[in-house]
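What the coordinates show
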Amino acid sequence: MDYSELTTMQLDVLQEVGNIGAGNAATALSELLNEKVDMSVPAVNIIPFDDIFSSIDVEVVVIGVVVRVLGDIPGNILFTLEKDVALRIISGLVGEEQQQITELGNSTLCEIGNIISSSFMNAIAELTKLEVRPSVPAVALDMMAAILSTTFIESGQFDEYVLDLETNFLQENEKIRGHFYYIPMPGSLEKILNSLGVN
């Protein structure tokens, strides 16, 4: 499927699915962090793989949480946060300032990534009635370019278009921007849109 040919209605439906998932994630993160967290998906972007490296700062070091999507719509989910943001979140959870990603920090990020990914997958499963389940998350600390390349190539979709859901967190009146990439295996996006009645 050529993502560039998605209609406005299809993009609107995908954004609504994203917002439902973001709402679920915000509730779960609020409980984990013991403070109010708002999360939204302000935009759904369809980006050609060849262009994605020119649309972002590929040399910035980020934390990437990768989750494999198993079931009826296999693919990969990649959630990225800048390193300083991730360290701030970990520091808040462990109660002391963190300068590096330790084993405890890695576990914390896995849990956060699992919450966010599961929230989005549950939203898709509830709306489409498809079977969707996550793998165990993996955390990577690297330049954005390296994390994106590895995740896309593993999905078998690296020469096509990428679905990027921009995410905004609002935590203690501070806006945190992240990216939530869904890289479906060939055929998975069609199943989602068919199940939602917009294909």
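Structure: above.
Described below are features of the structure shown in this document. As the structure is a prediction and not an experimental result, all values here were calculated from the model. (Residues numbered from 1 in each chain as written. Predicted model: local features only at pLDDT ≥ 70, side-chain atom pairs only at ≥ 80, totals over all residues. Heavy atoms only, no water.)

Right, let's talk about the pattern of salt bridges for a bit. Side-chain pairs of opposite charge can arise whenever the charged atoms involved come near each other. Overall, the coordinates contain 2 salt bridges when judged by the stated rule. With its nearest N and O atoms 3.3 Å apart, the salt bridge here joins K36 to D38. (Salt bridge = Lys/Arg side-chain N within 4 Å of Asp/Glu carboxyl O.)

Turning next to helix α1 (residues 8-33). End to end, α1 covers 36 Å across 26 residues, agreeing with the expected 38 Å (1.5 Å per residue, within 8%). For α1, the complete set of buried residues consists of Q10, L14, V17, G18, G21, A22, A25, A26, L29, S30 and L33. Following α1 by one or two positions, N34 has its phi on the positive side, about 60°. (Helix = DSSP H or I, 4+ residues; strand = E, 2+ residues; numbered from the N terminus. Expected span 1.5 Å × (residues − 1). Buried < 20%, exposed > 50% of the residue type's maximum accessible area, 1.4 Å probe, protein only.)

Considering the arrangement of structural elements, one finds I192 in helix α6 (residues 188-195). The residues contacting I192, other than those within four sequence positions of it, are L14, I73, I124, T128, L130 and Y182. (Contact = heavy atoms within 4.5 Å.)

M39, I73, I116, F120, V132 and F169 are the most contacted members of the largest nonpolar core, which totals 39 residues. With residues up to four places along the chain from it excluded, the contact list for I73 reads I124, L130, E131, V132, Y182, S188, K191 and I192. (Core = buried A, V, L, I, M, F, W, Y, C linked by side-chain atoms within 4.5 Å.)

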